[in-house]
Protein chains: 2
Amino acid sequence: MATMRDVAMAAGVSSSTVSHVLNGTRRVAPDTADRIRRAMEALDYQPDDTARSLRTRRSYTLSLLVSDISNPFFSALVKGVEDTAQASGFRLLICNTAEDVSKESAYIKSLLQRRVDGIIISPAGEESQAVEELLGRSVPCALVDRVVPRLAVDAVLSDNYAGAYEAVKYLLERGHVRIGVVLGLMHLSSTRERLAGHEAALRDRDLAPDPALLVQGKSCIDGGAAACNALLEMADPPTAIFTLNNLMTMGAAGVLLRHPKRRCPQDVSLIGFDDSPWADITNPPITTVAQDPYAIGAAACDLLLARLECGAAAPSKVVRIPTRLVERESVGSARPHKTPHGGKEVRGSEQAGSRRKAKPNR
Amino acid sequence: MATMRDVAMAAGVSSSTVSHVLNGTRRVAPDTADRIRRAMEALDYQPDDTARSLRTRRSYTLSLLVSDISNPFFSALVKGVEDTAQASGFRLLICNTAEDVSKESAYIKSLLQRRVDGIIISPAGEESQAVEELLGRSVPCALVDRVVPRLAVDAVLSDNYAGAYEAVKYLLERGHVRIGVVLGLMHLSSTRERLAGHEAALRDRDLAPDPALLVQGKSCIDGGAAACNALLEMADPPTAIFTLNNLMTMGAAGVLLRHPKRRCPQDVSLIGFDDSPWADITNPPITTVAQDPYAIGAAACDLLLARLECGAAAPSKVVRIPTRLVERESVGSARPHKTPHGGKEVRGSEQAGSRRKAKPNR
DNA sequence: CGGTAGAGTGCAATCGATTGCCGCAATCGA
DNA sequence: TCGATTGCGGCAATCGATTGCACTCTACCG
């Protein structure tokens, strides 16, 4: 492959002039520039980014560390980051941490050797020393989906608290007071914020959160299924279930679809945090608190690019992307229940009945 | 950040010795080596991959070009590639081509500048000149999901023909003879192979494929929904629908879920190519021809890594990953139909009735 | 006519590793 | 005792760009 030297010889100039034409870094006589451009064309010259990076200390590469690319939430987020990076001429290095702090550290080490310009990460740990180290080395960095407490770093997150609050309020308005919660990983700020939103909504109705209704499982489909089963088998089971992430929602939906006795939404309601395309075609279609992972990714990338411009000095920003309650058919009114206040709470909620309404698809 | 020179000075040796210790490329006295390793430790030395790449012409980076990372098929494939690459010490650069040939070319150009060691690509075009150019420059390369005819290049694909054949055979055995097909992009080899499998299955039963039953739409959820509607509104509609990719299956499932008159599987059966986790919790759960995108990605990465070893000389390989029919509840027996042979074809098929069988979740 | 400004360009150091070539000392075999 | 081998390690060129410095012309001003 042709080098800058080759181009320079062909055009009868020195390589510095070629470089300056390439980058527009100083005035070059128009006809010289033309000659050089023609030589580039003729030789099919492509600058070597490796050499350029070595010299300039910039790689025009960003990196994204997520816990599971094949999770629809993250794959949409990846797309948001990729599109944004691409639009600014950056390439994107993807890494899968599988929620494993040591894998995360190993990746970061390798990325630093690679001289990536910046890193977007959904940190696996609670007190990610990996992130702390990045900041220490003043590597531009942005967090997504989760924050690490007490670290001044750019971050983009869903408004988890408000989203969960809204979901639980929605359930309460339909008469549900015993609400089972299927928790994800408790060391993640996203989970904790959602739980906090849940509890706040209860308290605002003067209801005390019942720890017995909180079930934790592996943060995956099977974990959600198991947790859902656990809730349904309680002596005094909840009338509604709130699943705190998409995979667990899917697990719960699977259980309810096949449950021999409890039907959704007649017997048990289901509401999930994080929407997915498939939530619209389940039985019943699932009411969810939709996040906007694409927007989260795009915003994080914007934040990171801005920081590349302005340096570490500028104060760090936290962006909250609003959630949106997507009403479908998995939430019904609570049956009149032994709970004394049950009946009173029921309001004119939509009867979740026929699933075959002619409603536009999506 | 410390350089190799710094380490060398600290250990009182020349940088070449440091390099040889780092790479194990020649004998170094044990105590010297120890001294060097301690110096590395003390200075927190990390070799600069940029400089290394410049010198060695290898970047230890692979790239993956896919049409849509957020499509579950591709996101699982990405994961397969990433895990495999990572295990061999390679990093992975991800690019989203959005089925756009010009974006594809632009990406490839940029990747070549970056000196990636190899490229895995699901080519967007029919006659991808991008791929042709890669081969021309002898850039190690592997295709996934689709092939480009007449190009000798490594590739990993589902056994599309056999998978589609099996799906259609399954329908035929249940008495369906009028089978509507929802097609994806016709210029992709995957679509064409699936269609060929469909037609072969019909012919083996002495049935002539009816072009009127082939509907094409945009290869997305809405496209699948529109195509499904088109089939249902025909004067003489099919008794079963075969959707040729996952997104279109989702669209069709959404239409059937809400259709005022035609119910699935009683009135119309649905079978999809490419499985997804959500196919198990739809109404009804959808019978699909499962692909193994993770395995496809992993195999493609293995092929690519092997080629990096053996060079362009070795003959190119095409690996076919088998599909697997996942029987759920979206396919029923065809109603006795005006078609004369209809009744005879019906065999002891499972009656798709109660959806609430207690079946283990997944 | 000397001085200066500005346009246009080249030289060579530099980024941080890798690697061919060579030198020195110790050991070995004859 | 001498040449050969082996172990160990330094020197310096190299990969392909970027960039500070300096140089040569013109043109123009006073």
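Read on for a plain summary of the structure. These figures come from a predicted structure and were not determined experimentally.

As for the relation of the copies chain A and chain B
The transformation that overlays chain A on chain B combines an axial shift of 0.0 Å with a rotation of 180°, and the residual RMSD is 0.1 Å. Both copies of the chain, as the preceding transformation shows, are related through a two-fold rotation axis. When the interface residues of chain A are mapped onto chain B, 100% of them again fall at the interface, so both copies present the same face.

Focus: the side chain of B:Gln46
Locating B:Gln46 in the fold gives a position in the loop between helix H3 (30–43) and helix H4 (49–56). Judged by relative accessible area, B:Gln46 falls into the buried class, the value being 6%. If sequence neighbours within four positions are ignored, B:Gln46 has contacts with A:Lys109, A:Gln113, A:Arg137, B:Met1 and B:Ala2.

A closer look at the protein's contact with DNA strand C
In the vicinity of DNA strand C lie 28 residues, with A:Arg26, A:Thr32, A:Arg55, B:Met4 and B:Arg55 positioned nearest. Here the atoms of DNA strand C within 4 Å of the protein split so that 58% fall in sugar or phosphate, with bases taking the remainder. In the model, a phosphate oxygen of DNA strand C is placed 2.8 Å from a nitrogen or oxygen of the A:Ser14 main chain. Between DNA strand C and the protein, one listed contact pairs a phosphate oxygen with a side-chain N or O atom of A:Thr32 at 2.5 Å.

Looking at the packing of helix H5 (residues 72–87) of chain B against helix H12 (residues 293–310) of chain B
When two helices pack together, their arrangement is given by the angle between their axes and by how far apart the axes lie. All names here are of chain B. Running from amino to carboxyl end, H5 crosses H12 at an angle of 40°, the nearest separation of the two axes being 7 Å. Classified by the angle between their axes, H5 and H12 sit oblique to one another. H12 is crossed by H5, and the crossing has right-handed handedness. Where H5 abuts H12, its residues Phe 73, Ala 76, Leu 77, Lys 79, Gly 80, Val 81, Asp 83, Thr 84 and Ala 85 lie against Pro 293, Tyr 294, Ile 296, Gly 297, Ala 298, Cys 301, Asp 302 and Leu 305.

Parameters and conventions
Residues numbered from 1 in each chain as written. Chains lettered and ligands numbered in written order. Predicted model: local features only at pLDDT ≥ 70, side-chain atom pairs only at ≥ 80, totals over all residues. Heavy atoms only, no water. Least-squares fit on C-alpha atoms with pLDDT ≥ 70 in both. Contact = heavy atoms within 4.5 Å. Helix = DSSP H or I, 4+ residues; strand = E, 2+ residues; numbered from the N terminus. Buried < 20%, exposed > 50% of the residue type's maximum accessible area, 1.4 Å probe, protein only. Near = heavy atom within 4 Å. Polar contact = N/O pair within 3.5 Å; in protein donor to acceptor, adjacent residues only side chain to side chain. Axes fitted to C-alpha atoms, helices over the stretch in contact; angles between N-to-C directions. Parallel < 35°, antiparallel > 145°, perpendicular 65-115°, else oblique. Left-handed = near helix turned anticlockwise from the far one by under 90°.

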